[in-house]
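Breakdown of the fold
Each chain is listed here by its residues.
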Protein chains: 2
Amino acid sequence: MNKLHLFLALLFCISIQSQNIQSPSKEISLNFKLSTDGKPTYSVTFKEKNIVKESSLGLVLKETKSLENGFSIVNQETKFVDESWNPVLGEQAVIENKYNLITFYLLQKETNRKLNIVFKVYNEGVAFRYEFPNQENLNYFIVSDEKSQFNLTANHKVFWLPGDYDSQEYPYSETKISEINTDNIDRNNGISLKTINNKFRVQSPLMMKSDDGIYINIFEAAVVNYPVMHLDVSPSEYKFVSSLVPNAIGDKAYLQTPSVSPWRTIMISDDARDIVSSKMILNLNEPCKLDDTSFIKPMKYVGIWWEMHVGKSTWDYAGSQNAQNAAGKQIPTGRHGATTENTKRYIDFASKNGFDGVLVEGWNTGWEDWFGNWKEDVFDFTTPYPDFDLKEVNSYAKSKGIKMIMHHETSGSVANYERHLDRALNLMKEYGYPAAKSGYVGKIIPRGEYHDGQTMVNHFNFVARRFADYKLMLNSHESSRPTGYSRTYPNYIAAEAARGNEFNAWSIGNPPMHETILPFTRLLGGPMDYTPGIFETKMNFYDSKKTEQVHTTLTKQLALYVTMYSPLQMAADLVENYEKYMDAFQFIKDVAIDWQESKYLEAEPGDYLTIARKEKNGERWFLGAITDENARVSEIKLDFLSTNKKYKAIIYQDGKDADWQNNPKSYTIKTQIVTSKTKLKLNLAKGGGTAISFVPM
Amino acid sequence: MNKLHLFLALLFCISIQSQNIQSPSKEISLNFKLSTDGKPTYSVTFKEKNIVKESSLGLVLKETKSLENGFSIVNQETKFVDESWNPVLGEQAVIENKYNLITFYLLQKETNRKLNIVFKVYNEGVAFRYEFPNQENLNYFIVSDEKSQFNLTANHKVFWLPGDYDSQEYPYSETKISEINTDNIDRNNGISLKTINNKFRVQSPLMMKSDDGIYINIFEAAVVNYPVMHLDVSPSEYKFVSSLVPNAIGDKAYLQTPSVSPWRTIMISDDARDIVSSKMILNLNEPCKLDDTSFIKPMKYVGIWWEMHVGKSTWDYAGSQNAQNAAGKQIPTGRHGATTENTKRYIDFASKNGFDGVLVEGWNTGWEDWFGNWKEDVFDFTTPYPDFDLKEVNSYAKSKGIKMIMHHETSGSVANYERHLDRALNLMKEYGYPAAKSGYVGKIIPRGEYHDGQTMVNHFNFVARRFADYKLMLNSHESSRPTGYSRTYPNYIAAEAARGNEFNAWSIGNPPMHETILPFTRLLGGPMDYTPGIFETKMNFYDSKKTEQVHTTLTKQLALYVTMYSPLQMAADLVENYEKYMDAFQFIKDVAIDWQESKYLEAEPGDYLTIARKEKNGERWFLGAITDENARVSEIKLDFLSTNKKYKAIIYQDGKDADWQNNPKSYTIKTQIVTSKTKLKLNLAKGGGTAISFVPM
C-alpha cells in the first residue's frame, strides 16, 4: 500500500460508522454501518450466529438522485421501550411490546437530503423502516424501487408463494432457497387471475428454517400508503431484495415528506412457537385510532355461500352465472341461493344454535355478468334481486336475534365500488347490518393497477376507515394481505388474502400441510376468514362425477377454529350437513372467538401446530391440534389450565381408521375429567386434527 | 387480361357494393362502398364538389382480428327523419332534426362478426358511427385504434389546436393543412399540463375553409363510454385519421356489445353561418333522460374568482398558495378571497343588480397544497376554511334572494372526488346550492389516465348523472370538451373545456380572433362558461409591473354575452370595477341567457360574428357583434325584429378611438328608435365589439 492509498483508507475508516444494538434478551444483535461510499448496510446475528449478512438499504427515486449512497450519519438515538396494550379483539387480552430502538439520522451531502433509518430489535426479531422527514430538499417524490436486501447465510428450507401482483391464493411450495423458481409451480391451481412477471420473485411473509434449526421469517408491518413488498431472490446466493408492486405506469409509491415506509421485519428464533405466536407485526402498527370501539364485536356466522361453491345453487338470479349480454333477460331457474326463503332457513339455524350472524352472497344484481371481462359497472351494492327481500330478511333476522352480514363483491372494479361506497354503507345502516364481507375477484379497475399496488393498499385501508365512520366492521377477501392495520382500525376485523378453504371445493385444493403454514405467514398480519367447518368434505357428495375434496378430516376442520385465529368465524358448511352431525357441530357452537390468552404448545411450520386458548370473560379453554399429511401422536401437558380446578374435557378426535383422503368423516367424541396436571395423548390421523373443549366443573 | 383475371375481376365486381345517399336539400351526397378486400369506405360531395375523397373506416381490436376488412354488406336500411324537440335551455326554443339515414349491416365472414355503419346526412353535414350489435362472436372487446379516415381534397385553411391528451386550453393556430406541426406553437402559453405526443396530431372540432369558400368542420357527437377523438394528419396529403386518446396502459376503449361509437361529423357549407348555427351535434345525442327538468334554470352570476386571477387575493386561507408541507401551520394573511365578509359583499351586489347567483372559489380546505404534485387526497369538498361560514353565507344569500354556486376543484384527483362525491352533493343539498362549478387542473389520478381518455369521459358523464340524481346543475372546467351530452342530461348546464377568459389575466392571453373561432368549434358541443365581462382589461391596473391584458375592448366583453352562448353566464370582473361603469354594466344586467330564437347575421371563422337573439318568454332582442384584431364596419338589417313594432335600441359600441390594446375602455352608449326595416351601421374597433338591447316600446 502506498501512502496515498493509506491516506484514503484512513479517510474511509473515519467515515465508516458502525453501531450495534441488541434485543432485550440479548440473543439478537443488529449491526448497522455505512459502507465506504456511504451506503447504509445492516447485518443480524442470533445467538452469535450470522443470520443476515451485510445487506444494503436504500431507495431509487424517479427523476432525482437515488437515496442509496453518499450518506453520512449525523446523529443517532436509542431508546428502550417496554409497554403493553389491549387489543379490542384478539388472541390475548394484553399484548406486550418490548424492544430496543435505534434511529440513524442520515444526510446525503450531495443533495442535502435527509433520510432516517429506524431499527427496532425485539426478542423475536428485527424491524426497520425508512423515515423521510420534513425538509427543504425533499417534498413530493416517487419511489421507483426499494432496495432493501436480506442476504441470508445458507440454503434454508423455505415456504414460498410466487411473487404474483394480484394473488396470494397459492398453495405453498416447500423447497430450498436455491430451488425457488416460480416456473415450477402447478398453475392449474384454481386461481383465475395470475400476474407473475419474474420467476425468481416470491411473496412475503416468507417462512424459512435453517439446517441447524433456526426459524427465520421475512415480512413487513404497517403497509400504509405504500405498495406490498415482494422479494426478488438470487437463489444460489440466498439473497433477497425488496421488490415493490408497481402501478399502471410502473411507479411504485407516491410520497410526500414527512412520511415513512412500512416496517421490514426479520423474525428469528430456534423455537418455531416464538414466530407463530409473535405479535411483532401488530406491535409495529399505530395504536387504535377509533374513539369508539363498542361496535366491534366478534361474530360466529353461517351463510349462503358454500352451497354456491359446491354447485348446489348459484350467485345469480337466473342461474346462468356470467351470462353474456344477459341484462334484461333474467328468468329465474330456481337455483338462486340468496332467496328470502333460504335466508330465513339459515337465520333459523343460526338462531337455534347460538350464532351471531348470517352472510348472504348473491343477494344483489350484477352476478349475471360479473366475472372475467374487466367490466367496470358491475354491482351497485344496493339493488337486490327480485327474490331477495331486504326488508323482510332483516326484520326476520332481528326477530330471531341474528345480525345479517352484508356482501360487497367488487369483481375488482374498485373505481365503481368507491363511487358507490357511501350509498352501500348507508344501506347497511338503514337495515342494521353490522359488518360486510368484501370481494375483489378480477383484474383491478382503475385499469393497470394490481391488487398489491399502492393504489389498492390505499383502497383497502380507505374502505376500512370509511366503514369505521359508519361504525361497521369489514372482512375483505382477495385484498392485499394484512400487515397489522387491524391494530389501528380494529373494525377491519378479518381478511382472507390467502388460499382459503373454498379452493377445496373446485380446484386441486389445499394440501394437508396448508393450514400448518398459514399461521406462520399470513396470520402474522391479522385474522384470516379461512371459513372452516366443512363436514361434507368430498364433492362427490353433491355430484358423483366430482373428485374435488377438502384435504382434512372432519375433526381437523373443528381444530381450525382454534389454530386459525379470527374473531369472525364462519361455520361454512350447509346447515343441512350440520344437522346430520350435531354431536361434532357442538364444538363449533361452543368454541370461543375472542381470547384472554393463547398458549402455543407445539409448532413446526408445514408439519403441525397445537394451540390452547382461554376464552375472554370466561373460564373455558379450547385446544386445537392439527397435522399435515402425516399422522401424528403427541402428548401434551395441560399445565395451562388453572391449578386446583377440575375440567370436563370434551375431546373431538379422528377415528382410528380416519384419514383425510379416504375416510375423513370418521371421528370420535369422548369426555374426560382433567386437571392442570393431566397429560393428554393426541392421535391425529393423516390430514387430521383434534379439538378439545375444557369446561370447568 | 387473361381469363382467370377476368373471372376474378368479375367476382370482385359482384362483391363491391356501392350506395349513395343525399341530404334532404340534396346538396350533400354520401357514397359508401366496400373496397375489393371488403374494407368499408365512404366519400362526400357538396354541390357536386369532392369534399371527402374515398376514406376507409374500421377499428383495430386488442388480441383479436381487427374490424377493418373482409366485410360484405348483408343488408341496408334507409330512413328519412324530420322531427323537432325543445331543449330545456338553449339558443332556440325549438330544434329541428332532419336527415336521411342509412345503415349498412356488415358481416366479417372469417370471424362471423357483425358490424353496422350508420350514416345520417343532414343539410349541413354528414355523421357516421359504428354499431356493435349483440352477437355470439363479439361480446367484450377492447378497441386498440379507430381508423376512421377523413381524406380531404385540397390544402384548406385550418384552425387547429395541438392533439394534447390533457388540455384544449390553447389559442388556435390558423394555417394551411400542409403547415400543421405542433412543434411550431408557442408553448409559453400559460398551460401548466401539456401532453403532446405527436407533432402531426390535432384536436377536433377542426374548422377549415377551402380556397373556393367552402367551410368544413370535423368533429364528433355523443362521446359516451369512449375516449375523445383527436386527428392524426398527413399534412402533405390533406388526410386525417381518427386518433383515440389512450388509457394508462395504452388501450383506447373497453366495450361490450351491444354498443356504439360516438358519431363522427363532417359539416359542410358555403355559408359559414350554417356551421356556426348548426344543432347537428346536439341532434346526434340521445334525448333528455330526466323526468324532471324543473330544477334546471339559467343563471347569471358574479363571484369570488377573478380577484384571485389578477392577484388581489388568494384561493387558500394562508395566502401562501401551494405551500410545501403547509398542513397544520395555516396563518391567515388577510389575502384570502373566500371570506364570509367578502362573500356577503358579492351577495349584496348580485341582489341589487338582479343576478341569480354567487360563485365562491377557495372556500374549502386543500388549496394550501393543491397543485402540481399529483397529490391524491387534496380536497374533501365539505370542509370550509375557518373564515368561511357555510351556514351564515347561505342564510344571508337566501335572505337576499341569491343562490350560492358551489365550487369543486378536484386538481385532477378524480379518484378522490368520486370517493367524496355523495358527501359533497349532500352538503350542497343541505345548504341549498343549486349548481356547482368543478375543476380538473392537474394530472389525472387514477395515475396514467388523461383528461380525454375513456375513463375521464365516463367520469364527467357520471358526475353529470350523479348531479341529476340530486337535482343539481353542473358546470365543469378543464373537462373533456362537450359533444352534446347536455341534450341528454341538460343539468350539465355548461363547461369550460377550451381556453377561457382567465388566460388573459396571467399569460400571453387569448388573441382577439379567439372568440370569433370558438363558436365554430368548442361551442358546437355545448354551452361554454367563458366568463366574459372583464371591464378592467389591463393587469397593470392591479400591479404596475404587469403587462398582461384582456385582448378585447370593454364593449366586446359585452357582446360576448350574446356571441358566446351559455345559460350560465358570469359577470366575471370584480364588483368594485363594475360599480365604476354602471352604464356599461347595464347591458350585462339586461341581457337574457335563455333564448326563444337566434339569428346568425354574419359569420366568418377567425374574423367576425354577429348574432341576434330573442329572449325566451319576452319580446326583447339582443345583438352581439365581435371582430378579431381588425377593425370592422358592417351594416345589418334588423329584419329579425317583429314587424309593426318599435324598439328602443340601446347600443353599446366602441369609442372612435378605441382599440383592444391601447384604449380598451373607450365606449359610447346611445339610444335609437328602430323597427324591422331599420339598417344599423356597426363600427367595431380593433379587437372590438358592439352589444345592443332592443326593447319593444
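Structure: above.
To keep things clear, this report deals only with the structure shown in the data block. Worth saying up front: this structure is predicted, and the values here are computed from it rather than measured.

1. Details of the overall build of chain A
Along its length, chain A carries 14 helices and 36 strands. With respect to the principal axes defined by its C-alpha atoms, chain A has extents near 90 × 65 × 50 Å. The burial tally for chain A puts 65% of its 697 residues in the buried class. For chain A, the exposed area adds up to about 24,000 Å²; of that, 47% sits on carbon and sulfur atoms. Positive and negative side-chain charges in chain A, numbering 79 and 84 respectively, have mean positions lying 3 Å apart.

2. Brief notes about the pattern of salt bridges
Enumeration over the complete set of coordinates arrives at 84 salt bridges over all chains. Residue B:Asp292 pairs with B:Lys471 through a salt bridge whose shortest N-O separation is 3.1 Å. Here B:Lys471 lies in the loop between helix H8 (454–469) and strand E26 (473–476) and B:Asp292 lies in the loop between helix H3 (280–283) and strand E22 (299–304), a separation of 179 residues in the sequence. Since its relative accessible area comes to 38%, B:Lys471 is described here as partly exposed. Across the pair B:Glu392 and B:Lys344 runs a salt bridge whose closest N-O atoms are separated by 2.5 Å. Here B:Glu392 is found in helix H6 (residues 390–399), whereas its partner B:Lys344 is found in helix H5 (residues 340–352), with 48 residues between them in sequence. For B:Glu392, a relative accessible area of 35% corresponds to the partly exposed category. Given the relative accessible area of 22%, B:Lys344 is considered partly exposed. Here the residues in one salt-bridge network are A:Glu376, A:Asp377, A:Arg419, A:Arg447 and B:Glu418, joined through shared partners.

3. A look at the sheet that holds strand E29 (residues 595–604) of chain A
All names here are of chain A. Pairing is antiparallel in the open sheet, where 6 strands are placed in the order E29-E30-E31-E36-E33-E34. Looking along the sheet, the strands with just one partner apiece sit at the ends: E29 and strand E34 (667–674). Along the sheet, successive strands turn relative to each other by an average axial angle of 15 degrees, direction set aside. Relative to E34, strand E33 (residues 647–654) runs antiparallel, the two being bridged by 8 bridges. What sits directly across from Tyr-652, in E34, is Ile-669. Contacts from helix H12 (residues 554–563) reach strand E30 (608–615), strand E31 (621–627), E33, E34 and strand E36 (689–696) within the one sheet, and its direction differs from that of E31 by about 125 degrees. Against the sheet, helix H14 (residues 582–590) contacts E31, E33, E34 and E36, and its axis sits at roughly 125 degrees relative to E33.

4. Things to note about the relation of the copies chain B and chain A
The operation relating chain B to chain A is a screw motion whose rotation component is 180 degrees, with 0.0 Å of axial translation and a residual RMSD of 0.0 Å. Given the turn and translation reported, the copies of this chain are related as if by a two-fold rotation axis. Of the interface residues in chain B, 100% have counterparts in chain A that sit at the interface too, so the contact is made through matching surfaces.

5. Points about the interface of chain B and chain A
Between chain B and chain A, the contact holds 34 residues from the first and 34 residues from the second. Between chain B and chain A the total buried area reaches about 2,800 Å² when both faces are included, carbon and sulfur atoms providing 42% of it. For the pair chain B and chain A, the number of links is 8 residue pairs in polar contact (both at pLDDT 80 or more). Broken down by secondary-structure element, the contributors of at least two residues to the side of chain B that touches chain A are strand E19 (253–256), helix H7 (414–431) and H8 of chain B. The biggest single contributor to the side of chain B that touches chain A is H7(B), with 6 residues.

6. Some remarks on the environment of A:Lys686
Residue and element names in this part refer to chain A. Here Lys-686 lies in the loop between strand E35 (679–684) and E36. With 58 residues separating them in the primary sequence, Lys-686 and Asp-628 have C-alpha atoms 6.7 Å apart. The residues touching Lys-686, leaving out its near neighbours within four places in the chain, are Thr-553, Asp-628, Glu-629, Asn-630, Ala-631, Asp-659 and Trp-660.

The rules we used
Residues numbered from 1 in each chain as written. Chains lettered and ligands numbered in written order. Predicted model: local features only at pLDDT ≥ 70, side-chain atom pairs only at ≥ 80, totals over all residues. Heavy atoms only, no water. Helix = DSSP H or I, 4+ residues; strand = E, 2+ residues; numbered from the N terminus. Buried < 20%, exposed > 50% of the residue type's maximum accessible area, 1.4 Å probe, protein only. Areas by Shrake-Rupley, 256 points an atom, 1.4 Å probe, with all protein chains shown as cover. Lys, Arg positive; Asp, Glu negative; His and termini not counted. Charge placed at Lys NZ, Arg CZ, Asp CG, Glu CD. Salt bridge = Lys/Arg side-chain N within 4 Å of Asp/Glu carboxyl O. Pairing = 2+ DSSP bridges. Axes fitted to C-alpha atoms, helices over the stretch in contact; angles between N-to-C directions. Contact = heavy atoms within 4.5 Å. Least-squares fit on C-alpha atoms with pLDDT ≥ 70 in both. Buried area = accessible area lost by both parts, 1.4 Å probe. Polar contact = N/O pair within 3.5 Å; in protein donor to acceptor, adjacent residues only side chain to side chain.

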